[in-house]
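Below, each chain spelled out in residue letters.
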Amino acid sequence: MSSNDLVHLAADARLRAYAPYSEFKVGAALRAATGEVFTGGNVENVSYGLTICAERVAVGSAVQAGTTEFDQLAIVSDSEEPVVPCGACRQVLAEFCPDLAIVSRTLSGRTAEFTLSALFPKPRQGILG
Ligand code: THU
């Protein structure tokens, strides 16, 4: 599965996001080392603070399927600039794959690529240590 295909799966997942409050739907597709792909869309909540980002929904779906090794994450949003995962998602992604490759694309096709290790360099330092 190419990174372009992964982006398409993220775009499809975005359509199933639940975002009635922000109306900002995000889709994520996480490719496992096995080649399997797990998707997620953001799930908002009336309390706002309990909202779950698309990336974390994808992680939960993968873990529930028994998969914890990933090599790429694609994110799709309808924004001016490609979104970058929030701090909470960075920590959760780093639990399983600290050097994950990330591609983020807008509906208009603007694309950004980064590594999780650059966005979040010391995920475990000093924790349970
Ligand atoms: N959101 C994501 O799902 N992923 C991101 O990377 C950025 C933000 C969601 C959370 C919330 O439902 C909405 O986008 C607005 O922040």
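Shown above is the structure to which this text applies.
The rules we used
Residues numbered from 1 in each chain as written. Predicted model: local features only at pLDDT ≥ 70, side-chain atom pairs only at ≥ 80, totals over all residues. Heavy atoms only, no water. Core = buried A, V, L, I, M, F, W, Y, C linked by side-chain atoms within 4.5 Å. Buried < 20%, exposed > 50% of the residue type's maximum accessible area, 1.4 Å probe, protein only. Helix = DSSP H or I, 4+ residues; strand = E, 2+ residues; numbered from the N terminus. Contact = heavy atoms within 4.5 Å. Patch = residues over 30% accessible without salt bridge, like charges linked within 9 Å, V, L, I, M, F, W, Y side chains within 5 Å. Areas by Shrake-Rupley, 256 points an atom, 1.4 Å probe, with all protein chains shown as cover. Salt bridge = Lys/Arg side-chain N within 4 Å of Asp/Glu carboxyl O. Near = heavy atom within 4 Å. Polar contact = N/O pair within 3.5 Å; in protein donor to acceptor, adjacent residues only side chain to side chain. Nonpolar A, V, L, I, M, F, W, Y, C, P; charged D, E, K, R; others polar. Pairing = 2+ DSSP bridges. Axes fitted to C-alpha atoms, helices over the stretch in contact; angles between N-to-C directions.

Participant: Can you walk me through the nonpolar core in this structure?
Facilitator: Proteins that are soluble and globular tend to have nonpolar side chains buried together. Ranked by size, the top nonpolar core spans 22 residues in total, and within it Leu-30, Phe-70, Leu-73, Leu-93, Leu-100, Ile-102 and Leu-116 carry the most contacts. Elements with a minimum of two residues in this core: strand 1 (26-32), helix 2 (54-64), strand 3 (70-77), helix 3 (87-96) and strand 5 (111-115). Apart from residues lying up to four places away in sequence, Leu-100 is in contact with Leu-30, Phe-70, Asp-71, Gln-72, Leu-73, Leu-93, Phe-114, Thr-115 and Leu-116. Counting seven residues, the second-largest nonpolar core is a separate cluster that includes Leu-6, Ala-29, Ala-74 and Val-103.

Participant: Just to check I follow, could you spell out unusual backbone geometry for this structure?
Facilitator: The phi angle of most residues is negative, glycine excepted, and most peptide bonds adopt the trans form. With a phi close to 55°, Glu-23 is a non-glycine residue in the positive phi region. Relative to the elements of secondary structure, Glu-23 occurs in the loop between helix 1 (3-14) and strand 1.

Participant: Just to check I follow, could you spell out a nonpolar patch on the surface for this structure?
Facilitator: A cluster of nonpolar residues, Tyr-18, Tyr-21, Val-43, Val-46, Tyr-48 and Ile-52, forms a patch on the protein surface that exposes about 590 Å² of accessible area. Inspection of the secondary structure puts Val-43 in the loop between strand 2 (37-41) and helix 2. Classification of Val-43 as partly exposed rests on a relative accessible area of 35%.

Participant: Teacher, can you tell me more about the site of the ligand here?
Facilitator: The environment of the ligand is made up of Ser-22, Phe-24, Val-26, Asn-42, Glu-44, Thr-51, Cys-53, Ala-54, Glu-55, Val-83, Val-84 and Pro-85. A distance of 2.6 Å is found between an oxygen atom of the ligand and a side-chain nitrogen or oxygen belonging to Glu-55. A total of 380 Å² of accessible area belongs to the ligand in isolation, and the protein chains cover 78% of it. Residues that form the shell around the ligand fall into these classes: seven nonpolar, three polar and two charged.

Participant: Looking at this structure, how should I read the sheet that holds strand 2?
Facilitator: For sheets, the rule is that strands pair by backbone hydrogen bonds, running either parallel or antiparallel. Pairing is mixed in the open sheet, where five strands are placed in the order 2-1-3-4-5. Each having just a single partner strand, strand 2 and strand 5 make up the two edges of the open sheet. Between one strand axis and the next, the sheet turns through 15° on average, direction left out of account. As defined by bridge partners, strand 1 adjoins strand 2 across five bridges and the pair is classed as antiparallel. By the bridge assignment for strand 2, Ala-28 is matched with Gly-40. Across the sheet, helix 1 touches strand 1, strand 2, strand 3 and strand 4 (101-106), and the angle it forms with strand 3 is around 50°.

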